[in-house]
Amino acid sequence: YKNIESGLTLVGVVGIKDPARPEVAQSIIACRDAGIRVIMITGDAKDTAIAIAKDVNIFTQEDRNMPLLAFEGRDFFDKTIEEQLSLLSLQQNMVFCRAEPTDKQILIQLLQSQSEITAMTGDGVNDAPALQQAEIGIAMGITGTEVAKEASDIILAKDDFSTIVTAVEEGRRIYANMQSFICFLISCNIGEIFTILLSTLLGVPEPLTAMHLLWVNLVTDGPPATALGFNPPSPDLMLQKPRPKDEPIMTKWLLTRYCVTGFYVGLATVGIFVGHYLGEMKLTWGQLRNWSKCGDVWNPTSQASSCDDLFGKGRMLPQTLSLTTLVCMEMLKALSAVSVDASMLVVPPHRNPWLLLGVAVPFALHLVVLYSEFLGIPAFGESFGLVPLSLAHWKSVFLWSVPILLVDEVLKSIGRYLNGKKLQQQQQD
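In every chain, residue numbers begin from 1 and rise along the written sequence. This being a predicted model, a pLDDT of at least 70 is required before a residue's local features are given, and a value of 80 or more before pairs of side-chain atoms are given or counted; all residues contribute to the totals for chains, interfaces and linings. Here the side-chain values reflect all heavy atoms present in the structure, with hydrogen atoms and water set aside.

1. Brief notes about helix α8 (residues 161-202)
At step 1: The numbering of helices and of strands both runs from the N terminus, where a helix is a DSSP run of H or I of at least 4 residues and a strand a run of E of at least 2. Residue count minus one, scaled by 1.5 Å, sets the expected span of a helix. The end-to-end C-alpha distance of α8 is 61 Å, a good match for the 62 Å that 42 residues give at a rise of 1.5 Å each.
At step 2: Backbone geometry just after α8 places Gly203 at a positive phi near 80°.

So, in structure tokens, the structure goes:
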């Protein structure tokens, strides 16, 4: 080739770059905000690897003011185990270059020894052992080999890092919605338990019958709880740090919170029942507590001609008030449960149209039962032991039920404060 390569003139130098996808850089920032570390392992030279890492925000402007955690495989693994663990515990993004396939497995083992949850991405045959060892193995669906796909837990239909970030957000949304669903049902049941418990302790007649409790659990609880599964993601969902893997879905704080709301539900349900007797029926507290001795120890006043007018058929109206108050509070709690911690002013209920439908339909069914006699089927309401309510009665219902929103908003604000304090503690550690 001597003749071919003679007499040449240098015209210029051409550089070829294989750039990262434009959306990757923003996805890496989203990972950092969500408390997810990104560790790049590549066979490229160190300078090339660092340049790529800066390009996609693995190393940001903040990191450039401190020594970059970029190592060649042999340099890192020549260090002592204590030094390796110390570097990995810094909770910063890292880059490993000139790495061997076995280096990936060793890194995963070291991270797992620090109780980290590892997700490994890969597409080649030599990535298969590390994909299988990681808690979450992610293979490329387009460029990935069959061996890598078989060893992985997840296969990306689109070979794009941003798909992983979207999947993390969707997973967090699903978990939050499961939490809303379960906690809503538990809190409703706690409220019903407190209702029965309070009425028993106070010695007053039962404000709810077995039929009423069945109606609440089957008709007015189910649709709103199901609709909570379609809640939109909270605005700060990807700003929250990963939760501990052993954290229960019902945390101690959530249990405390729903016990407080449950207590108010029980208090309001019993309160409107007792208030009706003490207010409209003009009974004394002693007479109400000794309701079973009506006719023996004490006799009704002019407000009622007989004990049956008070505690027989006459109990239908106060029980209707109690049941309607309970239904209204549970519908309001469902609207508030559109987000576990965010205020209704930040994440309004209309962000989930299915929730509005899930609240409207049960409430409409309850109204049908209440006013069945105006629909020509009076036996329907009587079978439930319910009677129509007047406008004055509805005012009482709303006075007792609406404060549940205020109680829940106060508890949500306390929850946000505790979460912020916990986050600050984690950052200090």
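2. What about the packing of aromatic side chains?
At step 1: Between the rings of Phe, Tyr and Trp (Trp by its six-membered ring), a pair exists once the centres lie within 6.5 Å; its type follows the angle of the planes, with under 30 degrees stacked, over 60 edge-to-face, and the other angles tilted. For the structure shown, the criterion picks out 14 aromatic pairs.
At step 2: The interplanar angle of 85° and the centroid separation of 4.9 Å between the aromatic rings of Phe76 and Phe96 together place this pair among those described as edge-to-face. In this pair, Phe76 is assigned in helix α3 (residues 73-77) and Phe96 in strand β3 (residues 94-97), connecting sequence segments 20 residues apart.
At step 3: Phe76 sits in the buried class, given a relative accessible area of 0%.
At step 4: Joined through ring pairs, the aromatic side chains of Phe71, Phe76, Phe77 and Phe96 make up one cluster.
At step 5: Only when the NZ of Lys or the CZ of Arg is both within 6 Å of the ring centre and within 35 degrees of the ring normal is a charge said to sit over the ring. Across from the ring centre of Trp291, 5.1 Å away, lies the NZ or CZ of Arg315, which sits over that ring. In this scheme, a residue with accessible area under 20% of its type's maximum is buried, one over 50% is exposed, and one in between is partly exposed, where area comes from a 1.4 Å probe on protein chains only.

3. A word on the side chain of Thr269
At step 1: As for its position among the elements, Thr269 is in helix α11 (residues 252-279).
At step 2: Using a relative accessible area of 0% as the deciding quantity, one classes Thr269 as buried.
At step 3: In this description, contact between two residues means that some pair of their heavy atoms is separated by no more than 4.5 Å. If near-sequence neighbours (up to four positions away) are discounted, Thr269 is found in contact with Thr195, Pro207, Leu208, Ser322, Leu326 and Met329.

4. Things to note about helix α14 (residues 316-336)
At step 1: Over its 21 residues, α14 extends 30 Å from the first C-alpha to the last, a length consistent with the 30 Å expected when each residue adds 1.5 Å.
At step 2: For α14, a buried count of 20 out of 21 residues is recorded, marking the element as mostly surrounded by other parts of the structure.

5. A look at the sheet that holds strand β6 (residues 154-156)
Strand pairing in a sheet takes place through backbone hydrogen bonds and is either antiparallel or parallel in direction.
At step 1: Spatial strand order, β4-β5-β6: 3 strands in an open sheet with parallel pairing. With one partner strand each, in any of the chains shown, β4 (119-122) and β6 form the two edges of the open sheet. For this sheet, the mean inter-axis angle between neighbouring strands, taken without regard to orientation, is 25°.
At step 2: Here strand β5 (residues 136-140) runs beside β6; their pairing, made up of 3 bridges, is parallel. Whether two strands pair comes down to DSSP finding at least two bridges between them. What counts as an axis is a line fitted to C-alpha atoms, over the stretch in contact for a helix, and the angles between N-to-C directions run from 0 to 180 degrees.

6. Describing the packing of helix α4 (residues 81-88) against helix α5 (residues 101-113)
At step 1: Look at α4 against α5: their axes get within 10 Å of each other, and the N-to-C directions meet at 75°. If you check the angle between α4 and α5, you find them roughly perpendicular. Here Gln84, Leu85 and Leu88 of α4 come into contact with α5, specifically with Leu107, Leu110, Leu111 and Ser113.
At step 2: In this classification, the charged set is Asp, Glu, Lys and Arg, the nonpolar set is Ala, Val, Leu, Ile, Met, Phe, Trp, Tyr, Cys and Pro, and all remaining amino acids, among them Gly, are polar. Considering only residue class, the contact of α4 with α5 consists of 5 nonpolar, 2 polar and no charged. Every angle not falling under 35 degrees, over 145, or within 65 to 115 is termed oblique; those three ranges are roughly parallel, roughly antiparallel and roughly perpendicular.

7. Describing empty space enclosed by the protein
At step 1: Residues are said to line a cavity or pocket when one of their atoms sits within 4 Å of a point; the points come from a 1 Å grid over protein atoms alone, cavities being sets where a 1.4 Å probe fits but cannot get out and pockets being open sets with protein on both sides within 12 Å along at least five of seven lines. Grid points are joined across faces, edges and corners, and a volume is the space filled by probe spheres set on the points. Tallied over the full model, the rule gives 3 cavities of 30 Å³ or more.
At step 2: One number sums up the size of the largest cavity: a volume of about 110 Å³.
At step 3: Forming the walls of the largest cavity are Ser180, Cys183, Phe184, Ser187, Arg257, Tyr258, Thr261, Lys333, Ala337, Ser339, Val340 and Asp408.
At step 4: Elements with a minimum of two residues in the lining of the largest cavity: α8 and α11.
At step 5: Top element by residues in the lining of the largest cavity is α8. It accounts for 4 residues.
At step 6: Broken down by class, the residue content of the lining of the largest cavity amounts to 5 nonpolar, 4 polar and 3 charged.
At step 7: Taken as a whole, the second largest cavity spans an internal volume of roughly 50 Å³.
At step 8: Forming the walls of the second largest cavity are Ala176, Asn177, Ser180, Asn231, Pro232, Pro233, Ser234, Leu237, Val338, Ser339 and Val340.
At step 9: When its residues are assigned to classes, the lining of the second largest cavity shows 6 nonpolar, 5 polar and no charged.

Function cannot be inferred from these measures alone, as they are strictly geometric.
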